[in-house]
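Listed below, chain by chain, are the residues.
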Amino acid sequence: MEKNAKIYVAGHRGMVGSAIYRKLQKEGYENIITRTSEELDLRNQQAVTDFFAAEKPDYVFLAAAKVGGIEANNTYRADFLYENLAIQNNVIHNAYVNGVKKLMFLGSSCIYPKMAPQPLKEDYLLTGTLEHTNEPYAIAKIAGIKMCDAYRAQYGCNFISVMPTNLYGFNDNYHPQNSHVLPALIRKVHEAKVNDKKEVVVWGSGAPMREFLFADDLADACYFLMQNYNEPNLINIGTGHDLTIKDLALLIAAVLGFDGELVFDATKPDGTPRKLMDVSKLHSLGWKHKIELREGISLAYQDFESRY
Ligand SMILES: NC(=O)C1=CN([C@@H]2O[C@H](COP(=O)(O)OP(=O)(O)OC[C@H]3O[C@@H](n4cnc5c(N)ncnc54)[C@H](OP(=O)(O)O)[C@@H]3O)[C@@H](O)[C@H]2O)C=CC1
Ligand SMILES: C[C@H]1O[C@H](OP(=O)(O)OP(=O)(O)OC[C@H]2O[C@@H](n3cnc4c(=O)[nH]c(N)nc43)[C@H](O)[C@@H]2O)[C@@H](O)[C@@H](O)C1=O
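Residues numbered from 1 in each chain as written. Chains lettered and ligands numbered in written order. Predicted model: local features only at pLDDT ≥ 70, side-chain atom pairs only at ≥ 80, totals over all residues. Heavy atoms only, no water.

An unreviewed UniProt entry annotates the protein as GDP-L-fucose synthase of Pedobacter terrae. We quote the UniProt Pathway (unreviewed entry) comment for the protein here in full: "Nucleotide-sugar biosynthesis; GDP-L-fucose biosynthesis via de novo pathway; GDP-L-fucose from GDP-alpha-D-mannose: step 2/2." In its Catalytic activity (unreviewed entry) section, UniProt records this for the protein: "GDP-beta-L-fucose + NADP(+) = GDP-4-dehydro-alpha-D-rhamnose + NADPH + H(+)". (UniProt positions renumbered as here; feature names shortened; annotations may be inferred.)

In structure tokens, the structure reads:
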């Protein structure tokens, strides 16, 4: 990407989009264009068509999406399918129509088959049944990946798809029901600590395993791949390490200084038992994460405390 290139970061107020924006600024890009969802609703086909025709961006990071944790995905099934399909259809198609030089689409580790062998290799996509709680989201994301591949095959567009693992970081969503597990547990443990409560409720059995990547590391990888990756096949982004939800809760309790009990709520779903990324393809290209989990939780907690 040339330093004077016009780069559209879709979803720049979100956790991932804001990290990509910070990374681009740090690298010296000055022509970054953004719109909030109030200024440009990416579900609106005409509005997106007009925006691309007027702005003609050179590069696009598509980090706008309907996003949430296990409960949000399972509850708002229609919204996750419709909104994500609409956003990605509009952005990817108009990127093609307006000659965007390169576009990055973000998938997610939760769109691999529920019972895929571990660690998850890129070619396991579409080899088995999806996890029920996030099936609508996964169907939309798989369509986005296939759309990038199809526009490359038919029209020669340099559209790439990356597959991030579970993320956390600055500007995360700490909603009690709709957030992902890591921000949810930061909030619950914090509230238990300041209110002198003896217990924190952890959803499910605590046995599922998850891998976590700090959003600024993801942004660094996205920037690296935007410079160095031009293939139709998707590429995993993660750390290659995971832990149980119980151990995650214990680690968050340790970092935040909470010494009460963890109580497991079996009425809540566990979701996918494990989704550890095989990151050998990314490592072979020369990229590795920098922020380890304990440090990342500490950074995220500082952000949480400054915003709540
Ligand atoms: N969080 C995670 O653990 C993971 C995320 N990902 C992927 O990363 C990407 C970003 O996720 P994340 O940053 O966590 O999500 P956030 O919810 O933090 O941010 C999403 C952004 O999308 C924008 N957006 C949503 N709907 C619309 C719309 N209709 N029109 C315009 N903009 C819209 C929002 O804009 P505004 O703020 O202006 O309303 C918001 O800034 C997504 O593609 C997601 O699937 C992949 C793996 C894991
Ligand atoms: C990134 C990925 O995120 C989603 O998948 P997920 O990894 O299953 O999501 P999660 O982070 O919400 O939960 C992880 C695990 O943690 C447990 N858990 C415990 N206690 C809380 C808790 O308090 N909140 C939440 N949310 N989960 C909890 C929870 O029961 C589950 O076993 C996809 O829908 C999909 O959208 C996607 O892309």
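Draft legend 1. Representation of the overall build of the protein within the structure. Per the secondary structure count, the protein includes 10 helices and 12 strands. Once the C-alpha set of the protein is aligned to its principal axes, its extents read approximately 55 × 40 × 40 Å. Considering only intrachain contacts with a sequence separation of at least 6, the fraction spanning at least 24 residues in the protein is 82%. When the accessible surface of the protein is split by element, carbon and sulfur atoms take 50% of a total near 13,200 Å². Considering the protein, the positive charge centre built from 33 side chains and the negative charge centre built from 37 side chains are found 2 Å apart. (Helix = DSSP H or I, 4+ residues; strand = E, 2+ residues; numbered from the N terminus. Contact = heavy atoms within 4.5 Å. Areas by Shrake-Rupley, 256 points an atom, 1.4 Å probe, with all protein chains shown as cover. Lys, Arg positive; Asp, Glu negative; His and termini not counted. Charge placed at Lys NZ, Arg CZ, Asp CG, Glu CD.)

Draft legend 2. Structural detail: unusual backbone geometry. Cis geometry is adopted by the peptide bond preceding P119, which originates at Q118 and carries an omega value of -5°. At L126, a position not held by glycine, the phi torsion is positive, near 65°. Looking at the element boundaries, L126 is found in the loop between β4 (102–106) and α5 (135–155). We classify L126 as exposed; its relative accessible area is 53%. (Buried < 20%, exposed > 50% of the residue type's maximum accessible area, 1.4 Å probe, protein only.)

Draft legend 3. How the structure looks around the packing of aromatic side chains. All chains considered together, the criterion is met by 15 aromatic pairs. Three or more aromatic residues joined by ring pairs make a cluster, and in this case those are Y168, F170, F212 and F214. The cationic tip of K66 hangs over the ring face of Y76; the distance from NZ or CZ to the ring centre is 5.8 Å. A cation over an aromatic ring shows up here: K268 above the ring of W203, its NZ or CZ 4.7 Å from the ring centre. (Phe/Tyr/Trp six-rings, centres within 6.5 Å; stacked < 30°, edge-to-face > 60°. Lys NZ or Arg CZ within 6 Å of the ring centre and 35° of its normal.)

Draft legend 4. Up close: helix α1 (residues 15–26). The end-to-end C-alpha distance of α1, which contains 12 residues, comes to 17 Å, matching closely the 16 Å that a straight helix rising 1.5 Å per residue would cover. The complete set of buried residues in α1 reads M15, V16, G17, S18, A19, I20, K23 and L24. Those residues of α1 that are buried lie in contact with β1 (7–10), β2 (32–33), β3 (59–62), β4, β6 (166–168) and α7 (215–228). The positive-phi residue at the C-terminal boundary of α1 is G28, with phi of around 95°. (Expected span 1.5 Å × (residues − 1).)

Draft legend 5. Examining the UniProt feature "active site" (unreviewed entry) in the protein more closely. In this numbering, the UniProt entry assigns the feature "active site" (unreviewed entry) to Y137. Its location among the elements puts Y137 in helix α5. Here Y137 is in contact with K66, N73, F80, N84, S108 and C110, once residues within four sequence places are set aside.

Draft legend 6. The site of ligand 2, seen in detail. Looking at ligand 2, there are 22 residues lining it, with S108, K188, R210, P269 and D270 nearest. In this structure, an oxygen atom belonging to ligand 2 sits 2.7 Å away from a side-chain N or O atom of R210. Bound to the protein, ligand 2 loses 98% of the 700 Å² it would expose on its own. Breaking the shell around ligand 2 down by element, the ones donating at least two residues are α3 (70–75), α6 (181–194) and β7 (199–203). Among the elements that make up the shell around ligand 2, the one with the highest residue count is α6 (3 residues). Residue composition of the shell around ligand 2, by class: 10 nonpolar, 8 polar and 4 charged. (Near = heavy atom within 4 Å. Polar contact = N/O pair within 3.5 Å; in protein donor to acceptor, adjacent residues only side chain to side chain. Nonpolar A, V, L, I, M, F, W, Y, C, P; charged D, E, K, R; others polar.)

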